[in-house]
Amino acid sequence: MTAPEPARVPPVLDLRDVTKVYGTGETAVHALRGVSLTVERGDHVAIMGASGSGKSTLMNIIGCLDVPSAGRYLLDGVDVVGLGERDLATLRNRRIGFVFQSFNLIPRMTAQANVELPLAYGGLRGADRRRRALAALREVGLADRTRHEPSELSGGQQQRVAVARALVTAPTLLLADEPTGALDSASTADVLGVFDRLGRAGRTIVVITHEDDVAAHAKRIVRLVDGRIVEDVRREAVWCPLAAPAATRPHAAPPAPGEAG
Ligand code: ADP
Ligand code: MG
């Protein structure tokens, strides 16, 4: 008798030959030209590329805000292609915690209340909401700022509240779009420290960025040029970039032909 197969955990992200075309005919824009990408649980990936390379398009597809023109996309084992608006929204709300460049916090509401917000419609008891929001704020190092309003917090602290709000629903994936784009260098370091900590704690993180210092904190860097992945490298010793060895290149692809743009 053979032992039963161990249950296989699907990758968090599994994109196969995903394309995205905006418009039709002569004015069609090929924003993604066949992107294949697998992200396993616990990975911390930075997606990089120049303006116009397709980062936002890829982020929208990964985040179930838009669907591919062709190709396959499985999020946490769920086939996304073919889902309707409602199912997409449900999948998005359950599995993804979004962090945006502009923190999108509600003014004149405390950090605690902002973080509780995603739980407000879930039928969770008030005491449970408070407990989970506090745990998320603790995870981003803000347990002592729960009663502060956004205007009483630094930019870095505001973004950390936004990260706590993204984590409070226990998503499979933390998806961040230029999370330090609106921050000064001190606040950037502050937020990157939180991502480091979450990465070490085994969170699955995908960060879209065009900043090298943000990518230097990821475990893996994926580079887009003209709608194609041209490089996919894994780093070591991510929490100490200055001491880290040069990134290894296990499966770097050659640059895409043609011009970037
Ligand atoms: P990035 O985020 O890396 O700057 P985008 O994904 O925003 O790149 O854009 C990739 C390409 O697709 C660009 O040429 C852009 O002009 C085009 N594009 C993006 N969104 C749309 C849209 N809604 N309609 C038409 N073209 C678009
Ligand atoms: Mg963009």
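Computed from a predicted structure; not experimentally measured.

(A) Local environment of the packing of aromatic side chains. By the definition in use, this model includes one aromatic pair. Aromatic pair Phe-98 and Phe-100: ring centres 5.7 Å apart, planes at 5°, arrangement stacked. With a relative accessible area of 30%, Phe-100 lands in the partly exposed category.

(B) Structural context of the sheet that holds strand β10 (residues 228-234). If you trace the six strands from one edge of the open sheet to the other, you get β6-β7-β8-β3-β9-β10, paired in mixed fashion. Bordering the open sheet on either side are β6 (96-99) and β10, each of which pairs with just one other strand. Geometrically, the sheet is characterised by an average inter-axis angle of 20° between neighbouring strands, direction not taken into account. Sheet strands in contact with helix α1 (residues 55-62) are β3 (44-49), β6, β7 (173-177), β8 (205-208) and β9 (220-225), and its direction is about 145° off that of β3. Helix α2 (residues 85-95) contacts β6 and β7 of the sheet and is inclined by roughly 75° relative to β6.

(C) Geometry of helix α5 (residues 155-167). With 13 residues, α5 should reach 18 Å at 1.5 Å per residue; the first-to-last C-alpha distance of 18 Å fits that figure. In terms of residue burial, α5 counts as a mostly covered element, since twelve of its 13 residues are buried. Every buried residue of α5 is accounted for by Gly-156, Gln-157, Gln-158, Gln-159, Arg-160, Val-161, Ala-162, Val-163, Ala-164, Arg-165, Ala-166 and Leu-167. Close packing links the buried residues of α5 with β6, α3 (111-116), α4 (126-139), β7 and α6 (185-200).

(D) Local environment of the pattern of salt bridges. In the structure shown here, the tally under the stated rule is 16 salt bridges. Here Asp-14 and Arg-16 are joined by a salt bridge, their closest N and O atoms 2.8 Å apart. Note that Asp-128 and Arg-125 form a salt bridge whose closest N and O atoms lie 3.4 Å from each other. Each of Asp-43, Arg-220, Asp-232 and Arg-234 takes part in salt bridges that share partners, so that together they form one network.

The rules behind each value
Residues numbered from 1 in each chain as written. Chains lettered and ligands numbered in written order. Predicted model: local features only at pLDDT ≥ 70, side-chain atom pairs only at ≥ 80, totals over all residues. Heavy atoms only, no water. Phe/Tyr/Trp six-rings, centres within 6.5 Å; stacked < 30°, edge-to-face > 60°. Buried < 20%, exposed > 50% of the residue type's maximum accessible area, 1.4 Å probe, protein only. Pairing = 2+ DSSP bridges. Helix = DSSP H or I, 4+ residues; strand = E, 2+ residues; numbered from the N terminus. Axes fitted to C-alpha atoms, helices over the stretch in contact; angles between N-to-C directions. Contact = heavy atoms within 4.5 Å. Expected span 1.5 Å × (residues − 1). Salt bridge = Lys/Arg side-chain N within 4 Å of Asp/Glu carboxyl O.

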